[in-house]
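The lines below spell out each chain.
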Amino acid sequence: MKHKFKITGLDCPNCAAKLADIISGKEGIDSAKINFLTERLTVESELALSEVLSISKAAARAFSRDITVE
């Protein structure tokens, strides 16, 4: 199942790619992609929406305090 979120506070496309790789590596996450220009995070996972959001928010917070996921 695909889950889409708004992600803000990223400084560059390289940071977006690094964060997507980090989220992709989390247990229960099949893949994650961030479109830097549209500020969209797309996560594929069979986990519930709330779990995917929680994992994504925690990864973003650990990566940089300036990044928010909604």
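**Here we look at the overall build of the chain**
- Of regular secondary structure, the chain possesses two helices and four strands.
- Its helices and strands taken in sequence order, the chain reads β-α-β-β-α-β from the N to the C terminus.
- Computed over C-alpha atoms, the radius of gyration of the chain comes to 10 Å, within 12% of the 11 Å expected from 2.2 N^0.38 for 70 residues, which places it in the range of a compact globule.
- Seen through its C-alpha atoms, the chain measures out along the principal axes to roughly 30 × 20 × 20 Å.
- Expressed as a percentage of the 70 residues in the chain, the buried residues total 30%.
- Looking at the chain alone, contacts between residues at least 24 apart form 57% of all its contacts between residues at least 6 apart.
- Summed over all atoms, the accessible surface of the chain reaches about 4400 Å², with 49% contributed by carbon and sulfur.
- Taking the 10 positively charged and 10 negatively charged side chains of the chain as two groups, their mean positions are separated by 4 Å.

**Some remarks on helix H1 (residues 13-24)**
- For H1, which comprises twelve residues, the first-to-last C-alpha distance of 16 Å matches the rise-based estimate of 16 Å (1.5 Å per residue) to within 8%.
- Here H1 has its buried residues at Ala16, Leu19, Ala20 and Ile23. Taken end-on, H1 shows its buried residues confined to a sector of 105 degrees, consistent with a single buried face. Exposed positions of H1 whose direction lies more than 90 degrees from the buried face are Asn14, Lys18 and Asp21.
- For H1, the secondary structure elements touched by its buried residues are strand E1 (2-8), strand E2 (29-35), strand E3 (40-45) and helix H2 (49-63).

**Observations regarding the packing of H1 against H2**
- Running from N to C, H1 and H2 cross one another at 130 degrees; their axes reach a closest spacing of 10 Å. When the axes of H1 and H2 are compared, the pair comes out oblique. Between H1 and H2 the crossing geometry is right-handed. Where H1 abuts H2, its residues Cys15, Lys18, Leu19, Ile22 and Ile23 lie against Ser56, Ala59, Ala60 and Phe63.
- Split into classes, the residues belonging to the contact of H1 with H2 amount to seven nonpolar, one polar and one charged.

Reading the values: rules and limits
- Residues numbered from 1 in each chain as written.
- Predicted model: local features only at pLDDT ≥ 70, side-chain atom pairs only at ≥ 80, totals over all residues.
- Heavy atoms only, no water.
- Helix = DSSP H or I, 4+ residues; strand = E, 2+ residues; numbered from the N terminus.
- Rg over C-alpha atoms; globule rule 2.2 N^0.38 Å.
- Buried < 20%, exposed > 50% of the residue type's maximum accessible area, 1.4 Å probe, protein only.
- Contact = heavy atoms within 4.5 Å.
- Areas by Shrake-Rupley, 256 points an atom, 1.4 Å probe, with all protein chains shown as cover.
- Lys, Arg positive; Asp, Glu negative; His and termini not counted.
- Charge placed at Lys NZ, Arg CZ, Asp CG, Glu CD.
- Expected span 1.5 Å × (residues − 1).
- Arc of directions from axis to C-beta.
- Axes fitted to C-alpha atoms, helices over the stretch in contact; angles between N-to-C directions.
- Parallel < 35°, antiparallel > 145°, perpendicular 65-115°, else oblique.
- Left-handed = near helix turned anticlockwise from the far one by under 90°.
- Nonpolar A, V, L, I, M, F, W, Y, C, P; charged D, E, K, R; others polar.

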